[in-house]
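# Per-entry structural report
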Amino acid sequence: MDITNKTTKLRRFANGLTLFRLFAAIPLLIALSTEFLGLAWLIICISGASDIADGYLARRAGGGSTWGARFDPLADKLFLIAPLLWLLSKDILPVWSIWVVVSRELIITYWRSSKAHGGPAGLLGKLKTILQFISILLMLWPANWGDIYLSILLNKIGWYLFWPSLLLSINSGFVYLISQEEHRQN
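What counts and what doesn't
Residues numbered from 1 in each chain as written. Predicted model: local features only at pLDDT ≥ 70, side-chain atom pairs only at ≥ 80, totals over all residues. Heavy atoms only, no water. Patch = residues over 30% accessible without salt bridge, like charges linked within 9 Å, V, L, I, M, F, W, Y side chains within 5 Å. Areas by Shrake-Rupley, 256 points an atom, 1.4 Å probe, with all protein chains shown as cover. Salt bridge = Lys/Arg side-chain N within 4 Å of Asp/Glu carboxyl O. Helix = DSSP H or I, 4+ residues; strand = E, 2+ residues; numbered from the N terminus. Buried < 20%, exposed > 50% of the residue type's maximum accessible area, 1.4 Å probe, protein only. Axes fitted to C-alpha atoms, helices over the stretch in contact; angles between N-to-C directions. Parallel < 35°, antiparallel > 145°, perpendicular 65-115°, else oblique. Left-handed = near helix turned anticlockwise from the far one by under 90°. Contact = heavy atoms within 4.5 Å. Core = buried A, V, L, I, M, F, W, Y, C linked by side-chain atoms within 4.5 Å.

### Remarks on a nonpolar patch on the surface
The grouping of L19, F23, I26, I30, W67, F71, L74 and L78 at the surface amounts to a nonpolar patch, some 710 Å² of accessible area in total. Those elements that place two or more of their residues in the nonpolar patch are α1 (3-33) and α3 (66-89). Mapped onto the elements, W67 comes out in helix α3.

Below you can see the structure in the form of structure tokens.
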């Protein structure tokens, strides 16, 4: 198999994983709305693993496709915003915090979509995403998974981790916007 063919196959597989995540948002929404938190938790974990895999495959291919660069962040946003809205509906997180996260995500997604290759995520953005997903997974930990006191503890740890993730979200958003302005001026 020649290099071009291998690269094309890697990119297609990476794009397939992104497409899988886009469609997996539907069962996630159903699981959250019916309060099957165990299923929602598993879907989020599988989505996270597929996100890591598609990033790895895109790097192995020497860079992802323009399609993947545009839709991968969208899939990430679906798996971030849906559980946050559920947590908001249960009064676990305040409205203003979700408003800040969603606003930041929309602004940065708009900025990244204007870039030819989607505008790669910076280190702060990646750290923010990892911390947010860990926080969400812990807040969604089902009460019937093990000891109730363990579930309560994990839920609280998730809640406390949400706040540094919110600060990273704000910080990384400003870094993106400042770098965009500096790039425009040069």
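### Examining unusual backbone geometry
Its identity is not glycine, yet E35 carries a phi of approximately 60°, on the positive side. Here E35 lies in the loop between α1 and α2 (37-60). One non-glycine residue with positive phi stands out, namely D91, at about 60°. Looking at the secondary structure, you find D91 in the loop between α3 and α4 (95-113). Relative accessible area serves as the criterion here: at 70%, D91 is assigned to the exposed category.

### Section: the packing of α2 against α3
Remark: α2 packs on α3, axes separated minimally by 11 Å, with the N-to-C direction vectors making an angle of 160°. By the criterion of interaxial angle, the relationship of α2 to α3 is roughly antiparallel. For the pair α2 and α3, the sense of crossing is left-handed. The segment α2 lies against α3, with L37, I43, I44, S47, D51 and D54 engaging D72, D76, F79, P83 and W86.

### Thoughts on the nonpolar core
Ranked by size, the top nonpolar core spans 31 residues in total, and within it L84, L140 and F162 carry the most contacts. Listing elements by their share of this core, those giving two or more residues are α1, α2, α3, α4, α5 (123-139) and α6 (148-185). Ranked by residues supplied to this core, first place goes to α3 with 6 residues. In contact with L84, not counting residues within four places along its chain, are L93, I98, V101, I136 and F162. Membership of the second largest hydrophobic core comes to 5 residues, among which are A14, L17, L57 and A61.

### Structural notes on the pattern of salt bridges
According to the stated counting rule, one finds 8 salt bridges in the structure shown. One salt bridge connects E105 with K77, and the closest N-O pair in it is separated by 3.0 Å. Residue E105 is located in helix α4, and its partner K77 is located in helix α3; the two are separated by 28 residues in the primary sequence. The burial state of E105 is the same as that of K77; both residues are buried. Among the ionic pairs, R104 bridges to E105, the shortest N-O distance being 3.4 Å. Exposure class is identical for R104 and E105. Each is buried.

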